[in-house]
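# Chain and residue survey
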Amino acid sequence: MTNASTTADETEVLALHHAFVEANKTAYHPFLEAHMAPGATLLWYNLNQSNYHGVDHIVELWKMLAGVMNGKAGIVSTRDDAVTIIGDAALVTYIIDLAADFGPLGKVAQEGRTTEVWQRMDGPWKMIHFHCSNYVPGVMGGK
């Protein structure tokens, strides 16, 4: 989402979102450590159907995933990306397409409905919530 009326905050959050999507390809945990809310603030509802409380919890998962991926990048793309700024909060919504080989954990190929919630914290934007769930279009008239 970029156009002539895009605000500086929208541009900044969109850049963070794109960097987050890129970090997902290799489970690059330093991105999480730099851009997630500190301590236990972050609440993460993962596509693997588990919940992660705090940045250290999700970093632990990403470190494990990076280890089993053995340097092989997954395929991660998004569509229908939208950014909404409400004061010091930002909502990013999109559909994610993910395909990755997690070695002994198996291969994954699926789409997800995704929401990122960012909050301006003493200057920089930090992610405070992430939610990704299975996407099945066309159920009961849905898109």
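Refer to the preceding data block for the structure.
Read on for a plain summary of the structure. (Residues numbered from 1 in each chain as written. Predicted model: local features only at pLDDT ≥ 70, side-chain atom pairs only at ≥ 80, totals over all residues. Heavy atoms only, no water.)

## With respect to the pairing of strand 3 (residues 75-86)
Two strands pair when backbone bridges link them, and strand 3 and strand 4 (residues 89-101) are joined in this way by 10 bridges, in the antiparallel orientation. By the bridge assignment, Ile75 is partnered in strand 4 with Ala99. Counting the residues between successive antiparallel strands, the hairpin from strand 3 to strand 4 contains two residues, one of them, Gly87, with a positive phi of roughly 65 degrees. (Pairing = 2+ DSSP bridges. Helix = DSSP H or I, 4+ residues; strand = E, 2+ residues; numbered from the N terminus.)

## Some remarks on the packing of aromatic side chains
Tallied over the entire structure, the rule returns six aromatic pairs. With a centroid separation of 5.4 Å and 70 degrees between ring planes, the pair formed by Phe20 and Phe130 is classed as edge-to-face. With Phe20 in helix 1 (residues 8-24) and Phe130 in strand 6 (residues 125-134), this pair connects stretches of sequence that are 110 residues apart. As far as burial versus exposure is concerned, Phe20 and Phe130 are alike and both buried. Residues Trp44 and Phe130 carry aromatic rings whose centres are separated by 4.5 Å and whose planes lie at 40 degrees to one another, so their mutual orientation is tilted. Highlighted residues: Trp44 in strand 1 (residues 43-45) and Phe130 in strand 6, separated in sequence by 86 residues. By the burial criterion, Trp44 is buried, and Phe130 matches it. Aromatic rings pair up to connect Phe20, Phe31, Trp44, Trp62 and Phe130 into one cluster. (Phe/Tyr/Trp six-rings, centres within 6.5 Å; stacked < 30°, edge-to-face > 60°. Buried < 20%, exposed > 50% of the residue type's maximum accessible area, 1.4 Å probe, protein only.)

## Things to note about a nonpolar patch on the surface
On the surface, Val136, Val139 and Met140 cluster together into a nonpolar patch covering about 360 Å² of accessible area. Mapped onto the elements, Val136 comes out in the segment after strand 6. (Patch = residues over 30% accessible without salt bridge, like charges linked within 9 Å, V, L, I, M, F, W, Y side chains within 5 Å. Areas by Shrake-Rupley, 256 points an atom, 1.4 Å probe, with all protein chains shown as cover. Salt bridge = Lys/Arg side-chain N within 4 Å of Asp/Glu carboxyl O.)

## Concerning the sheet that holds strand 3
Ordered by their spatial adjacency, six strands build an open sheet running 2-1-6-5-4-3, and the pairing between neighbours is mixed. The open sheet has two edge strands with one neighbour each: strand 2 (51-53) and strand 3. For this sheet, the mean inter-axis angle between neighbouring strands, taken without regard to orientation, is 20 degrees. On the sheet, helix 3 (residues 55-69) packs against strand 1, strand 2 and strand 4 and is oriented at approximately 120 degrees with respect to strand 2. (Axes fitted to C-alpha atoms, helices over the stretch in contact; angles between N-to-C directions. Contact = heavy atoms within 4.5 Å.)

## Observations regarding helix 3
The end-to-end C-alpha distance of helix 3, which contains 15 residues, comes to 21 Å, matching closely the 21 Å that a straight helix rising 1.5 Å per residue would cover. Looking at helix 3, one finds that the buried residues are Val55, Ile58, Val59, Leu61, Trp62, Leu65, Val68 and Met69. Buried residues along helix 3 sit in contact with helix 1, helix 2 (29-35), strand 1, strand 2 and strand 4. Asn70 sits one or two residues past helix 3 and shows a positive phi near 50 degrees. (Expected span 1.5 Å × (residues − 1).)

## A look at the side chain of Ser133
Here Ser133 shows up in strand 6. Apart from residues lying up to four places away in sequence, Ser133 is in contact with Leu47, Glu111, Gly112 and Arg113.

## A look at helix 1
For helix 1, which comprises 17 residues, the first-to-last C-alpha distance of 24 Å matches the rise-based estimate of 24 Å (1.5 Å per residue) to within 8%. Buried within helix 1 we find Glu10, Val13, Leu14, Leu16, His17, Phe20, Val21 and Ala23.

## Things to note about the environment of Ala100
For Ala100, the position within the fold is in strand 4. A residue is classified by how much of its surface remains accessible, and Ala100, at 9% relative accessible area, is buried. Separated by 62 residues in the primary sequence, Ala100 and Pro38 place their C-alpha atoms 28 Å from one another. Non-local contacts of Ala100, meaning those with residues more than four positions away in its chain, are made with Gly74, Gly106, Lys107 and Val108.

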